Amino acid sequence: DKIVRIVHESHGRFLKWDGDSAMATGSWKEVDNNTAHAKVTHFFRSLRERKQRSEKPANTSAPKRGIDIDKGTETDTSGSTAS
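Let me sum up the structure you'll find in this document.

**Considering the overall build of the chain**
- A count of helices and strands for the chain gives two helices and five strands.
- Listing each helix as α and each strand as β along the chain from the N terminus yields α-β-β-α-β-β-β.
- A burial count over the chain gives 8% of its 83 residues as buried.
- Partitioning the contacts of the chain with sequence separation of at least 6, the portion at a separation of at least 24 is 19%.
- Just so you have it, the chain exposes about 7300 Å², and 52% of that area is on carbon and sulfur atoms.

**Topic: the packing of helix H1 (residues 2–9) against helix H2 (residues 33–55)**
- Relative to each other, H1 and H2 sit at 115 degrees, their axes nearing to 9 Å. Relative to H2, the element H1 is oriented roughly perpendicular. Between H1 and H2 lies a crossing of right-handed hand. Counted together, Ile-3, Val-4 and His-8 of H1 and Asn-33, Ala-36, His-37, Val-40 and Phe-44 of H2 form the full contact between these two elements.
- Of the residues assigned to the contact of H1 with H2, the class counts are five nonpolar, three polar and no charged.

**Concerning the pattern of salt bridges**
- A complete count under the given rule lists one salt bridge for this structure.
- A salt bridge links Arg-5 to Glu-9; the nearest nitrogen and oxygen atoms lie 3.5 Å apart. Here Arg-5 and its partner Glu-9 are both found in helix H1, four residues apart, which amounts to about one turn of the helix.

**With respect to the pairing of strand S1 (residues 15–20)**
- Bridge count for S1 against strand S2 (residues 25–30) is six bridges, and the pairing is antiparallel. Bridge pairing links Asp-18 to Ser-27 in S2.

**Digging into unusual backbone geometry**
- Positive phi, normally seen in glycine, also occurs at His-11, with a value near 65 degrees.
- Residue placement: His-11 occurs in the loop between H1 and S1.
- Taking the relative accessible area as the measure of exposure, His-11 reaches 74% and is therefore exposed.

**Topic: the nonpolar core**
- Val-4, Phe-14, Val-31, Ala-36 and Val-40 form the largest nonpolar core, which has five residues in total.
- Excluding residues that lie within four positions of it along the chain, Val-40 makes contacts with Ile-3, Val-4 and Phe-14.

Procedures and definitions
- Residues numbered from 1 in each chain as written.
- Predicted model: local features only at pLDDT ≥ 70, side-chain atom pairs only at ≥ 80, totals over all residues.
- Heavy atoms only, no water.
- Helix = DSSP H or I, 4+ residues; strand = E, 2+ residues; numbered from the N terminus.
- Buried < 20%, exposed > 50% of the residue type's maximum accessible area, 1.4 Å probe, protein only.
- Contact = heavy atoms within 4.5 Å.
- Areas by Shrake-Rupley, 256 points an atom, 1.4 Å probe, with all protein chains shown as cover.
- Axes fitted to C-alpha atoms, helices over the stretch in contact; angles between N-to-C directions.
- Parallel < 35°, antiparallel > 145°, perpendicular 65-115°, else oblique.
- Left-handed = near helix turned anticlockwise from the far one by under 90°.
- Nonpolar A, V, L, I, M, F, W, Y, C, P; charged D, E, K, R; others polar.
- Salt bridge = Lys/Arg side-chain N within 4 Å of Asp/Glu carboxyl O.
- Pairing = 2+ DSSP bridges.
- Core = buried A, V, L, I, M, F, W, Y, C linked by side-chain atoms within 4.5 Å.

By themselves, these figures tell us nothing about what the structure is for.
Take a look at the structure:
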């Protein structure tokens, strides 16, 4: 609610396209405070999700180990042998 109020006090508006996107006909309409609040919460939710995805480590698991049957040695996924 505070962000919606700040935007309105600075002569900003929350708009929604009212028309046909495919035909590019229509106009922007100002939305009510409830819809404006929903737009703000959607923005911050999307921002948080995007930040969480970018901070997630690419690979958190340890290298997989196995037995090379031909050599009889233990290896990791990089191909190096372990003792």
